[in-house]
Amino acid sequence: VSGIDVLKNPIAAKAKIGYLPEQNPLYQEMYVREYLQFQASIFKVSKETITSVIKDVGLIPEMHKKISQLSKGYQQRVGLAAALIHNPDVLILDEPTTGLDPNQLLEIRDLIKKVAKESGKTVLLSTHIMQEVEAICDRVIILNKGNLIHDKSIKETLKENSLETLFTQLTTQK
């Protein structure tokens, strides 16, 4: 990860990764800014960085609310902010749009694309929803039982077939 051997130096490698799990583990009774300050303290991040990340993910109007008061979409933004707080080189997002309403879905998609484009980070999106891959990704990698079975640009992939059809074909072959 970022030139660091994960087996030889796992802590340094992990410091280069931001992760948003499918089940966003937020402290519901904390306020948004308080939670992000807590996360930032782990990485010794400045207050200016916290404010910048809050702005970048569109949390300014919600930063003085308890996390439990936020919609699912804004809770996802808090999780994304926490994953970004230490400015990682690699961002791993596991099913980041699950359970969002159509408006929240579009907002989170746009936010993910913005983060990838403006930051130059490597963003890995793990999902089973092929529409999300088409809407967000530049490249498609399909794994089956831990084996890489497809790795092409989204444009090349869609020339071959729909993502759903390709996924089914590749993952059900004997």
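See the structure above.
Residues numbered from 1 in each chain as written. Predicted model: local features only at pLDDT ≥ 70, side-chain atom pairs only at ≥ 80, totals over all residues. Heavy atoms only, no water.

**Student:** Would you mind going over the packing of aromatic side chains with me for this structure?
**Tutor:** Centre-to-centre distance and the angle between the planes together describe a pair of aromatic rings. The tally for this structure, following the rule as stated, stands at 2 aromatic pairs. The interplanar angle of 65° and the centroid separation of 6.0 Å between the aromatic rings of Tyr27 and Tyr35 together place this pair among those described as edge-to-face. Overall, Tyr27 belongs to the partly exposed group, its relative accessible area being 46%. Measuring from ring centre to ring centre gives 5.9 Å for Tyr27 and Phe38, while their planes differ by 70°; the resulting arrangement is edge-to-face. Of this pair, Tyr27 sits in the loop between β1 (17-20) and α2 (32-43) while Phe38 sits in helix α2; the two residues are 11 residues apart in sequence, bridging distant segments of the chain. For Phe38, a relative accessible area of 35% corresponds to the partly exposed category. Positioned over the ring face of Tyr74 is Arg77, at 5.1 Å from the centre of the ring. (Phe/Tyr/Trp six-rings, centres within 6.5 Å; stacked < 30°, edge-to-face > 60°. Buried < 20%, exposed > 50% of the residue type's maximum accessible area, 1.4 Å probe, protein only. Helix = DSSP H or I, 4+ residues; strand = E, 2+ residues; numbered from the N terminus. Lys NZ or Arg CZ within 6 Å of the ring centre and 35° of its normal.)

**Student:** Looking at this structure, how should I read helix α8 (residues 163-172)?
**Tutor:** Owing to its 3.6 residues per turn, the α-helix aligns residues three or four sequence positions apart on the same side. Residues Leu163, Leu166 and Leu170 constitute the buried set of α8. Viewed end-on, α8 has its buried residues packed into an arc of 65°, placing them on one side of the element. For α8, the elements touching its buried residues are α6 (130-136), β4 (139-144), β5 (147-153) and α7 (154-160). (Arc of directions from axis to C-beta. Contact = heavy atoms within 4.5 Å.)

**Student:** When you look at the sheet that holds strand β2 (residues 90-94) in this model, what are you seeing that I'm missing?
**Tutor:** Pairing between sheet strands relies on hydrogen bonds along the backbone, with the strands arranged either parallel or antiparallel. Taken in spatial order, the 3 strands make up an open sheet running β1-β2-β3, and their pairing is parallel. With one partner strand each, in any of the chains shown, β1 and β3 (122-126) form the two edges of the open sheet. Ignoring which end each strand starts from, the neighbouring axes of this sheet average 15° apart. By the bridge criterion, 5 bridges tie β2 to β3 in an arrangement that is parallel. Counterpart to Ile92 in the pairing with β3 is Leu124. Across the sheet, helix α4 (residues 72-84) is in contact with β1 and β2; its angle to β1 comes to roughly 165°. (Pairing = 2+ DSSP bridges. Axes fitted to C-alpha atoms, helices over the stretch in contact; angles between N-to-C directions.)

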